[in-house]
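Here is how the chains run, residue by residue.
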Amino acid sequence: MKIKLNSIPVGIHKIALSKDVRDFGLQAPFFGNADVEVKVDRSEHQIVLSCNFVTQLLLNCDRCLAEYEQKVSGDFTVIYLAERIDEEIDDTNVYELTPDLTYIDLTQDFYDFINLSVPLKHICSEDCKGLCPTCGANLNIETCECESEKVNPIWEPLLKLKKDLND
Ligand SMILES: [Zn+2]
Ligand SMILES: [Zn+2]
C-alpha cells in the first residue's frame, strides 16, 4: 500500500481500502480481503500514520480439528520524522522523512502487523468440547458412550482398595 506524498498536503487525511490479502504478501491461513484504514496526519516536519486492519483467518481447531473462520483486527502507528533518527531509538516504526522521499509504502508494515495478529491457540469456540480421546467423536456435534466408562483418577485408589478388600 503506497501513499504518494505529493498528494498529501499538510493536514489530516483518511484513506480506506479493501484489498486481497495476497496484495499484502499474506498467505494461508489468511484469506479474502483485508480492510485497511490509514489516518495520515501530516505536519511540516513529520507524518504520523495511524493504521488499522480487519481481516480473517481460516483455521483448524486444536481441540476438535474442525475448520473455522476467525476475524482478526489490530492497529499500529508509523511515524516519519524529518530530523535524523537517533540510532538509540529502538522503535522500528519510526523512519526518517528524507527530502527525496516521494511515497510511503506501508505494505511491509501491514504484512508484519497482520501476521502478528494470528492467535497462538486455535480454538473454534471457548466452550469447544473437543474430540473424545477414546473413540474420536466430535463431542460438539455428538455424544459417545465412552464418557460413562471413564473413572475419575481421584477414585482409582479407593476402587482398588475396595477390590483388595473383596478378594
Ligand atoms: Zn473446536
Ligand atoms: Zn468416545
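Relevant structure appears above.
Report follows, based on the coordinates. (Residues numbered from 1 in each chain as written. Chains lettered and ligands numbered in written order. Predicted model: local features only at pLDDT ≥ 70, side-chain atom pairs only at ≥ 80, totals over all residues. Heavy atoms only, no water.)

## Examining the overall build of the protein
The condition is simple: In DSSP terms, a helix is any run of H or I states spanning at least four residues, a strand is any run of E spanning at least two, and both are numbered starting from the N terminus. Throughout, exposure labels follow a simple rule: accessible area from a 1.4 Å probe, protein chains only, divided by the maximum for the residue type, with under 20% read as buried, over 50% as exposed, and the rest as partly exposed. Only the protein chains shown count as cover for residues, with accessible areas throughout obtained via the Shrake-Rupley method and a probe of 1.4 Å.
Tallying secondary structure elements over the protein gives 3 helices and 7 strands in all. Scanning the protein from its N terminus toward the C terminus, one meets helices and strands in the order β-β-β-β-β-β-β-α-α-α. Expressed as a percentage of its 167 residues, the buried residues of the protein come to 30%. Just so you have it, the protein exposes about 11500 Å², and 51% of that area is on carbon and sulfur atoms.

## Let's talk about the nonpolar core
Grouped burial of nonpolar side chains is what soluble globular proteins tend to show. Heads up, the rule is: Residues belong to a common nonpolar core when they are buried Ala, Val, Leu, Ile, Met, Phe, Trp, Tyr or Cys residues joined through side-chain atoms within 4.5 Å. What makes two residues a contact is simply this: any of their non-hydrogen atoms within 4.5 Å.
Val38, Ile47, Leu49, Leu106 and Phe110 are the most contacted members of the largest nonpolar core, which totals 31 residues. Among the elements of the structure, strand 3 (30–42), strand 4 (46–60), strand 5 (67–81) and helix 1 (107–116) are those that each provide at least two residues to this core. Ranked by residue count, the leading element in this core is strand 4, at 6 residues. With near-sequence residues (within four places) excluded, Ile47 lies in contact with Leu5, Val40, Asp41, Arg42, Val78, Ile79, Tyr80, Leu97 and Ile104. If you look at the next biggest cluster of nonpolar residues, it comprises 5 residues, including Cys132, Ala137, Leu139 and Cys144.

## Comments concerning the coordination of the zinc ion (ligand 2)
Selection criterion: Coordinating donors are taken as N, O and S atoms within 2.8 Å of the metal, stretched to 3.2 Å for Na, K and Ca; because water is absent from the atoms, sites can appear incomplete. Site shape is set this way: if four donors have all angles between 85 and 135 degrees, tetrahedral; if opposite donors are over 155 degrees apart and all others between 65 and 115, square planar for four donors and octahedral for six; otherwise irregular.
Within the first shell, the zinc ion (ligand 2) binds the protein through Cys132 (SG), Cys135 (SG), Cys144 (SG) and Cys146 (SG), at distances of 2.3 Å. Considering all 4 donor atoms around the zinc ion (ligand 2), angles at the metal cover 106 to 113° and the coordination shape is tetrahedral. Each donor residue of the zinc ion (ligand 2) belongs to the same chain, with the gaps between them written as C-x2-C-x8-C-x1-C. With Cys132 in the loop between helix 1 and helix 2 (146–149) and Cys146 in helix 2, this pair connects stretches of sequence that are 14 residues apart. For Cys132, a relative accessible area of 3% corresponds to the buried category.

## Description of the pattern of salt bridges
Condition: Criterion for a salt bridge: a side-chain nitrogen of Lys or Arg within 4 Å of a carboxyl oxygen of Asp or Glu.
Counting across every chain of the model gives 1 salt bridge. The residue Asp20 makes a salt bridge to Arg22 at a minimum N-O spacing of 2.9 Å. Judged by its relative accessible area of 62%, Arg22 is exposed.

## Some thoughts on the coordination of the zinc ion (ligand 1)
Every protein donor of the zinc ion (ligand 1) is accounted for by Cys61 (SG), Cys64 (SG), Cys124 (SG) and Cys128 (SG), and the metal-donor separations fall at 2.3 Å. Because the angles between the 4 donor atoms bound to the zinc ion (ligand 1) fall within 106 to 112°, the donor set is best described as tetrahedral. Expressed as a motif, the donor residue spacing for the zinc ion (ligand 1) is C-x2-C-x59-C-x3-C. With Cys61 in the loop between strand 4 and strand 5 and Cys124 in the loop between helix 1 and helix 2, the pair connects residues that are 63 residues apart, well separated along the chain.

## With respect to the side chain of His122
What counts here: Polar contact is defined as a pair of N or O atoms within 3.5 Å, subject to the rule that within protein one atom must be able to donate a hydrogen and the other to accept it, and that residues adjacent in sequence are counted only when both atoms are side-chain atoms.
Position of His122 among the secondary structure elements: in the loop between helix 1 and helix 2. A distance of 3.1 Å separates a polar side-chain atom of His122 from the backbone oxygen of Pro119. Excluding its chain neighbours within four sequence positions, the residues that come into contact with His122 are Leu59, Asn60, Cys61, Asp62 and Tyr68.

## A look at the environment of Lys2
Within the fold, Lys2 resides in strand 1 (residues 2–4). The sequence separation of Lys2 and Thr107 amounts to 105 residues, and the corresponding C-alpha distance is 7.2 Å. In this view, Lys2 contacts Tyr103, Ile104 and Asp105; residues no more than four positions away in its chain are not counted.

## Some remarks on the pairing of strand 4
The condition that has to hold: When DSSP finds two or more bridges between two strands, those strands count as paired.
Pairing between strand 3 and strand 4: 10 bridges, direction antiparallel. Note that in strand 4 the partner of Asp35 across the bridge is Val54. Hairpin geometry of strand 3 and strand 4 is characterised by an intervening segment of 3 residues between the two adjacent antiparallel strands. The sheet contact formed by strand 4 and strand 5 spans 15 bridges and is antiparallel.

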